[in-house]
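Coordinates in review
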Amino acid sequence: ENEVKKDWNSAEDMLRKDHLYKWGIVVGYNTKDIILGAGSAIFMHLWRSGNEGTEGCIAMEQQNMIRLLKWLEERKKPMVSIQS
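Residues numbered from 1 in each chain as written. Predicted model: local features only at pLDDT ≥ 70, side-chain atom pairs only at ≥ 80, totals over all residues. Heavy atoms only, no water.

Take the pattern of salt bridges next. A side chain of one charge can pair with a side chain of the opposite charge if their charged atoms are brought near each other. In total, this model carries two salt bridges according to the counting rule given. A salt bridge links glutamate 73 to arginine 75; the nearest nitrogen and oxygen atoms lie 2.9 Å apart. With a relative accessible area of 31%, glutamate 73 lands in the partly exposed category. Among the charged side chains, a salt-bridge network with shared partners connects Glu73, Arg75 and Lys76. (Salt bridge = Lys/Arg side-chain N within 4 Å of Asp/Glu carboxyl O. Buried < 20%, exposed > 50% of the residue type's maximum accessible area, 1.4 Å probe, protein only.)

Moving on to the packing of aromatic side chains. If you walk through the whole model with that rule in mind, you get one aromatic pair. Between tyrosine 21 and phenylalanine 43, the aromatic rings sit 5.9 Å apart at their centres with planes inclined by 55°, giving tilted as the arrangement. Placement of tyrosine 21 in the segment before β1 (24-27) and of phenylalanine 43 in strand β2 (residues 42-46) is noted, with a sequence separation of 22 residues between them. Tyrosine 21 sits in the buried class, given a relative accessible area of 14%. (Phe/Tyr/Trp six-rings, centres within 6.5 Å; stacked < 30°, edge-to-face > 60°. Helix = DSSP H or I, 4+ residues; strand = E, 2+ residues; numbered from the N terminus.)

This brings us to the pairing of β2. Taking burial as the measure, the five residues of β2 include five buried ones, the bulk of the element. The pairing of β1 with β2 spans four bridges and is classified as antiparallel. Its bridge partner lying in β2, glycine 24 is registered against histidine 45. The pairing of β2 with strand β3 (residues 58-60) spans three bridges and is parallel. For histidine 45, the partnering residue across the bridge sits in β3 and is alanine 59. (Pairing = 2+ DSSP bridges.)

Looking now at the side chain of histidine 45. Inspection of the secondary structure assignment puts histidine 45 in strand β2. On the basis of relative accessible area, histidine 45 is assigned to the buried category, the value being 5%. Those residues in contact with histidine 45 that lie beyond four places of it in its chain are Leu20, Tyr21, Trp23, Thr54, Cys57, Ile58, Ala59, Met60 and Met65. (Contact = heavy atoms within 4.5 Å.)

Spatial ordering of the open sheet is given by β1-β2-β3, a layout of three strands whose pairing is mixed. Edge positions in the sheet fall to β1 and β3, since each has one partner strand and no second. Averaged over all adjacent pairs, the angle separating strand axes in this sheet is 15°, with direction ignored. (Axes fitted to C-alpha atoms, helices over the stretch in contact; angles between N-to-C directions.)

It is worth spelling out the nonpolar core at this point. The biggest cluster of nonpolar side chains holds seven residues, and these are Ile25, Val27, Ile42, Met44, Leu46, Met60 and Met65. Listing elements by their share of this core, those giving two or more residues are β1 and β2. Filtering out sequence-adjacent residues up to four positions away, methionine 60 remains in contact with Met44, His45, Leu46, Trp47, Met65 and Leu68. (Core = buried A, V, L, I, M, F, W, Y, C linked by side-chain atoms within 4.5 Å.)

Okay, here's the thing in structure tokens:
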């Protein structure tokens, strides 16, 4: 009766033993006018180390994550710019 119908093919485990998602922010990416194959989610989360990449997310030290969480205000419509 209270079951959720699965309509996705993959998911991210948010409760992890390595605590990478202790603090996190969901980046609104590819959520409107969805482009198939362009990815489905970008998260900002804690990093393992400064020398390791992610699988498409944005990672940072805990102190910077906490500072960002205190600064963010949804009503101001913050944006992320990624440059390579």
